[in-house]
Amino acid sequence: MSSLDPTAGVMLPPVEGAAEPTDEAEVPYVTVLSCWDGEEADSESSNEEEDTGVSPASFADDGPLGGDSPSDTATHTHRVPINPPGRIIPKRPAPPPPRAIGQSEKPGKRVKQKIPRAATIRVSRKKCSNGSSRPQSTVVRSSWLDVWKGFRHNVLWATLDGQQMSLWKKRTDRFSEVLFHVSSITNVKTQDKGRFSVYFRKKHYDFMAHSDEVQDGWVASLLASRGQPSPPPAQLHGPITIKEPRSRAYAAVWGHDLWIYPNKEGYLLGIASFSVPLNVAAVKSTGKHSFTLITPYKSFNLSVDSSKDLPLWLDGLSLSIRSALSCSQVAMRLLENPCNKVCGDCGSANPEWASVNLLLVICEACAGQHRALGSNLSKVRSLKMDNKVWTEPLLQLFVAYGNRLANQVWAASVPAAEQLIPDSSDEERSKFIQDKYSRGRYRRVHPLTSCLSLMDQRLREVACTDDIEETMSLICSGAKVRQTDPQSPSPILLAERAGHALQSELLRLNEYTEVPPHQPQSINRRPDSAPSGEEEEELHGKLEEDRFLFSVENDSAACDVLDLRELLSVFIKYGAANEFEMVTLSDQLICAADDHDTLMTHLLHILKVILPGGVSYAEVGGASAVSKVCVVEVGGASSQSDAWLLLCEDGVSIHPVHRHTHTDTHRHTHPTVRMELSTIRHHELDPSKNVITMETGDRCLPHTQQQQQQQQLKTERMGVSLRFKEQHSCQSWFNHLQRALTNHSSDPHRPPAANHSSTRQALYPDLDVGLRGSVPQGIERCISHITAHGLKVEGVYRRCGLAAKVNQLVEALMTSPSSAPLESDEQGVLDAGSALKQYVRQQQGLIPNVQPWLQAAVVSDQRSRFKAYQRLLRQLPDDNRATLSALFAHFYMVQVFSQVNKMSAQNLALILVPSLFHTLSQDLLTLTREFIIHHPLLFLVNTQHTHTHTHTPHTSDPHTPISHCFLCRHLRKRRRNRSQSSDEEEEEEEEEGREIRSDIFSLHFSLIYLFYSFIPLFFG
């Protein structure tokens, strides 16, 4: 039952004697951070006991969230008065006693030294590119820090605003990994080598800064902030369940924010995972126990334990949201677009101003900077006071497009280090807004930008349509709205004649807009950009998932972190010893390895992160130049889409950033283009526009590859024009192309380019003997993933995955298998299993006719039944037979671990029959069970050896398993040693042979398991 006692609330700690769980044995779900690494060991603090946590990234990507202790499940929602009378502020608990560094509270126990992971590569870059050294105030601070919770280590972006300290995986993340109020801190201690510790009542975090200066700044700021009073108690708190994947957490409403804790203990300690701003959120009920909290960044599907608690949460959250949204009716209309709930420049919540001609909603601080741009570039109006300007067409423009379209044009390539945040200073805000609008540094220009007359003509054409997005792109690229040619009507008049009210309104607001002219990236630099002769700094680097960590010394903390998705180009350096270059919008980094293997390991990791799905391993491994470009023209057809351009030893390939699917009707994407170097007849560079044009000898015709189920272009003749994001990448890529063409033409004996689609390895390379045909890549991907991560997951294939995630996976496996988002946690394995079953179910022709299989399954004699199975298998198409072999080989491995996963052959058969045969019967259950148990005998044994061996001389067959050939020779030798053999003895020998074969193939599949154990090491 739900407890509604108003005195049952718990205030934010530190609270002496607050109600705590009586059972200290907490059942964890996952670690505090989804990305902690390192081993867990016993240590001197309860902080290093197994703890749980909640990360917002886990909701959609990283698996289960933090859990709660057993006492949490019995805890119900509590509604607390905002200002309880007679509230007593308790005394702060005493800090833990000091001890020497490295000394444990447990006598005789040595604590493992906490040091960062060693660097793996050397990096050099411009010294001024590190922007973390700017002066900071006493209580406001931010920098990269190495963080330990116990012995789990990570590098996080730490921020302190005087009230709260937050830890983020990336500077641009919307939700933190750890969050706490400074009043929860009980002590801060300085240690050696840039280390310091932050203590709470029962836990602590260890930090390491890259320099003593940064360490001293953090310690001073935290000590200065410790005197802050505790915030008022939570209006509402209680345990919740977070869906997708299903996991437990604890939530509390503090003012205009919803704080998510890993469990009730985290709530009592004041250590949350992240908070959700309610002034940009909306809540709606979705069931008897569930509701959805919708924000511009993510939707959270939540549920409570009791239906009586649901109204409490809905009313409490709605009240907080209404309190936060105390603005005018115009603002309420604009907030129908979730992107308009935050400032389009800095991300501040609840903006009250707008640049009406740019369709941009902004905060008051950014509005002041927009006024400095001048009304010819940005027309600033208030959402509350300037009611006359807000016509119905203008409101519809902001609701339909707003901040999304504005930043799609003006902020297409903002580096994370330069991104404006709500707490940015006035100087930083002014510089960013000047760069963004006055200089157009981050702008995505229209493909016709180089020719103003063509842009003006195109604007008149688009004005007669409802394509608002291209109109905005043309205006922001410099197209003139006002009438320049008396002989032709103005775009405004054309839009009015066509009856497009939204076009007319947008064009009228921008009739006298003056935007900065487009300039090459090398010219369009910030005034404080580093000169070419700037001194370089040598750093140490190491890769971690999608980040590149930099440190001054090999064993020091990270001084900076690069998000790999900010990369624009990667080049292998010719004439240098094991070096490659990475290019971002504002930096160029040279990475040097000790040997070629280390170089390729780092290069492949980076390319796997930045390249879209569908790029083959052969292309990734053989690429020497990779750049992100805008495709201007393909085969004579105009285009405006981003793509990745790869230069390999034998050819060039262009892969769209966004794969075209049936849901992407609004997105103009070109198919994948591949050109062999031998077919390129002309190539040229236009340095003024950063454009490279390549032409081949013959016309290019589209065709479809059945395996990948995506349209590609088989090159016979075509021309492509590609615009690079900045000049250095353009020139470097062109130099690499010239070098490749020269090398190719100088080697007349070079073999033809390999077919990349055939480079994919077989699923079972050692046991695919005697089998022709290919297995769909989607099935191979699921099998490999589950074999690597799910053989020991209890109930695999029996337990269902999340429906929305499964549907997403199936669609990805159908269209682009290599990029399907498979996750390695338990929920990810269940999702992959359900996706595989659904994928197989959709293969209607896998077993064309069920009736012959039913007739074979009822044969009473096992030997005759198995022969019938093998005969039916031989009648199947090669691809179908290979697919069934791969599936049943996998299920064989799953049932080998049935003691752990509880999935015996019988259990698997019950689940798989409907997917394979689209019907259910006892005979098909028996057949499927036998196919799983006897897979080696039915699929991998040459059927000639299942007949009587007495009169058949053995011949060496390259497709026959070695162990089987040895077995046959062994049986024939025994027969020759017997002058007379009875039929019963021959049957006994044949049965013995089958048993030996099964044993041998069981050994083979044990080796398969070992093979798949190494898959995560090579393929992540």
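Residues numbered from 1 in each chain as written. Predicted model: local features only at pLDDT ≥ 70, side-chain atom pairs only at ≥ 80, totals over all residues. Heavy atoms only, no water.

Here the focus is the overall build of the chain. Each helix and strand counted, the chain has 29 helices and 35 strands in total. Within the chain, buried positions represent 53% of all 1020 residues. In the chain, once contacts between residues fewer than 6 apart in sequence are set aside, the share between residues at least 24 apart is 65%. (Helix = DSSP H or I, 4+ residues; strand = E, 2+ residues; numbered from the N terminus. Buried < 20%, exposed > 50% of the residue type's maximum accessible area, 1.4 Å probe, protein only. Contact = heavy atoms within 4.5 Å.)

Turning our attention to the pattern of salt bridges. All chains considered together, the criterion is met by 29 salt bridges. In this structure, Arg125 engages Glu537 in a salt bridge whose closest nitrogen and oxygen atoms are separated by 3.0 Å. With Arg125 in strand β2 (residues 121-126) and Glu537 in strand β21 (residues 536-544), this residue pair connects regions lying 412 residues apart in the sequence. Take Arg125 and Glu537: they sit in the same class, and that class is buried. Glu470 is the salt-bridge partner of Arg458, the closest N and O atoms lying 2.7 Å from each other. Residue Arg458 is located in helix α10 (residues 452-462), and its partner Glu470 is located in helix α11 (residues 468-476); the two are separated by 12 residues in the primary sequence. (Salt bridge = Lys/Arg side-chain N within 4 Å of Asp/Glu carboxyl O.)

Moving on: the packing of aromatic side chains. Counted under the stated rule, the structure contains 23 aromatic pairs. Ring geometry for Tyr250 versus Tyr267: centroids 5.1 Å apart, planes at 40°, classification tilted. Taken together, the positions of Tyr250 in strand β11 (residues 247-254) and Tyr267 in helix α3 (residues 264-269) put the pair 17 residues apart, joining distant regions of the chain. The burial state of Tyr250 is the same as that of Tyr267; both residues are buried. An angle of 25° between the planes, with centres 6.0 Å apart, marks the rings of Phe274 and Phe300 as stacked. Of this pair, Phe274 sits in strand β14 (residues 274-277) while Phe300 sits in strand β17 (residues 299-303); the two residues are 26 residues apart in sequence, bridging distant segments of the chain. Given the relative accessible area of 4%, Phe300 is considered buried. Each residue in the set Tyr797, Trp853, Phe866, Tyr869, Phe888, Phe891 and Phe931 is aromatic and connected to the rest through ring pairs, giving one cluster. (Phe/Tyr/Trp six-rings, centres within 6.5 Å; stacked < 30°, edge-to-face > 60°.)

Bringing the state of the cysteines into the picture now. Any covalent bond linking the sulfur atoms of two cysteines counts as a disulfide. This structure, assessed with the given rule, holds 0 disulfides. With no disulfide of its own, Cys343 has Cys346 as its nearest cysteine by sulfur position, at a separation of 3.7 Å. What makes Cys343 buried here is its relative accessible area of 3%. Left unpaired, Cys366 is separated from the closest cysteine sulfur, that of Cys363, by 3.7 Å. (Disulfide = S-S within 2.5 Å.)

Let us look at the sheet that holds strand β18 (residues 353-355). Strand order in the open sheet formed by 3 strands is β19-β18-β20, and the pairing between neighbours is antiparallel. Either end of the sheet is taken by a strand with one partner, and the two such strands are β19 (360-362) and β20 (380-382). On average, adjacent strands in this sheet sit at an angle of 30° to one another, irrespective of strand direction. The sheet contact formed by β18 and β20 spans 3 bridges and is antiparallel. Each bridged residue has a counterpart across the sheet, and for Ala354 the counterpart in β20 is Arg381. (Pairing = 2+ DSSP bridges. Axes fitted to C-alpha atoms, helices over the stretch in contact; angles between N-to-C directions.)

Taking 1.5 Å of rise per residue, the 15 residues of helix α14 (residues 596-610) would be expected to cover 21 Å, and the 21 Å separating its terminal C-alpha atoms lies within 8% of that figure. Capping the start of α14 is the job of one residue whose side-chain oxygen sits 3.2 Å from the backbone nitrogen of Asp597: Asp595. (Expected span 1.5 Å × (residues − 1). Polar contact = N/O pair within 3.5 Å; in protein donor to acceptor, adjacent residues only side chain to side chain.)

A word on the environment of Ala625. With respect to the secondary-structure elements, Ala625 resides in strand β27 (residues 625-634). On the basis of relative accessibility, which here comes to 0%, the residue Ala625 falls in the buried class. In this structure, the C-alpha to C-alpha distance between Ala625 and Phe734, residues 109 residues apart in sequence, is 9.4 Å. Among residues more than four places away in sequence, those in contact with Ala625 are Val570, Phe571, Leu645, Leu646, Leu647, Trp733 and His736.

Attention now goes to the nonpolar core. Counting residues in each nonpolar core, the largest one holds 62 residues, and the members touching the most others are Leu884, Leu887, Leu916 and Phe931. Formed by 56 residues, the second largest nonpolar core is a distinct cluster that contains Leu377, Phe398, Leu506 and Leu585. (Core = buried A, V, L, I, M, F, W, Y, C linked by side-chain atoms within 4.5 Å.)

With a phi close to 60°, Leu359 is a non-glycine residue in the positive phi region. Located in the positive-phi region is Lys902, a residue other than glycine, with phi close to 60°.

Looking now at the packing of helix α17 (residues 777-789) against helix α19 (residues 826-841). Relative to each other, α17 and α19 sit at 150°, their axes nearing to 10 Å. The pairing of α17 with α19 is recorded here as roughly antiparallel in orientation. Read as a crossing pair, α17 and α19 show a hand that is left-handed. Contacts between α17 and α19 involve Gly778, Ile779, Cys782, Ile783, His785, Ile786 and His789 on the former and, on the latter, Val829, Ala832, Gly833, Leu836, Tyr839 and Val840. (Parallel < 35°, antiparallel > 145°, perpendicular 65-115°, else oblique. Left-handed = near helix turned anticlockwise from the far one by under 90°.)

Bringing the packing of helix α12 (residues 491-498) against helix α13 (residues 501-509) into the picture now. Taken N-terminus to C-terminus, the directions of α12 and α13 make an angle of 165°; their axes are 8 Å apart at the nearest point. Considered as vectors, α12 and α13 are oriented roughly antiparallel to each other. Note on packing geometry: the crossing formed by α12 with α13 is left-handed. On α13, the residues that touch Pro491, Ile492, Ala495 and Glu496 of α12 are Gln503, Ser504, Leu507 and Arg508. Here the contact of α12 with α13 is composed, by residue class, of 4 nonpolar, 2 polar and 2 charged. (Nonpolar A, V, L, I, M, F, W, Y, C, P; charged D, E, K, R; others polar.)

What follows concerns the sheet that holds strand β3 (residues 141-149). The strand order across the open sheet built from 8 strands is β7-β8-β9-β3-β4-β5-β6-β13, with neighbouring strands paired in antiparallel fashion. Strand pairing shows two members of the sheet lacking a second neighbour, β7 (187-190) and β13 (271-272), which therefore form its edges. Looking at chain direction, β7 and strand β8 (residues 195-199) are connected through 4 bridges and run antiparallel. Bridge pairing in β8 places Thr190 opposite Phe196. Strands in contact with helix α2 (residues 212-225) are β3, β4 (152-160), β5 (164-168), β7 and β8; relative to β3, the strand with the most contacts, it is inclined by about 90°.

Between its first and last C-alpha, helix α25 (residues 922-933) extends 17 Å over 12 residues, near the 16 Å set by a 1.5 Å rise per residue. Listed as buried for α25 are Leu924, Leu925, Leu927, Thr928, Glu930, Phe931 and Ile932.

Inspection of the secondary structure assignment puts Val620 in helix α15 (residues 617-622). Measuring from C-alpha to C-alpha, the distance between Val620 and Leu604 comes to 6.8 Å, with 16 residues separating the pair along the chain. When near neighbours in sequence (up to four residues on either side) are disregarded, Val620 contacts Leu604, Leu607, Leu611 and Val615.

Attention now goes to the pairing of β3. Summarising burial for β3: 9 of the 9 residues are buried, a large majority. Of the two faces of β3, the one holding Arg141, Ser143, Leu145, Val147 and Lys149 and the one holding Ser142, Trp144, Asp146 and Trp148 are both buried throughout. Of the pairings in the sheet, the one linking β3 to β4 comprises 9 bridges and is antiparallel in character. Counted as the bridge partner of Ser142 is Thr159 from β4. From the end of β3 to the start of β4, which pair antiparallel, there are 2 residues, and Gly150 there has a positive phi angle of about 70°. Looking at chain direction, β3 and strand β9 (residues 204-208) are connected through 3 bridges and run antiparallel. Its bridge partner lying in β9, Trp148 is registered against Asp206.

Within the element layout of this structure, Arg798 appears in the loop between α17 and α18 (803-815). Along the sequence, Arg798 and Asn907 sit 109 residues apart, while their C-alpha atoms lie 8.1 Å from each other. In contact with Arg798, not counting residues within four places along its chain, are Met903 and Ile911.

Our next topic: the pairing of strand β16 (residues 290-294). Of all 5 residues in β16, 4 are buried, a share of seventy percent or more. Sheet topology note: the strand β15 (residues 282-285)/β16 ladder contains 4 bridges and is antiparallel. Across the sheet, the residue bridging to Val283 is Leu293, located in β16. Connecting the antiparallel pair β15 and β16 is a turn made up of 4 residues. Bridge count for β16 against β17 is 5 bridges, and the pairing is antiparallel. Residue pairing for β17: Ser290 is matched across the bridge by Ser303. The turn joining β16 and β17, which pair antiparallel and follow one another in sequence, is formed by 4 residues.

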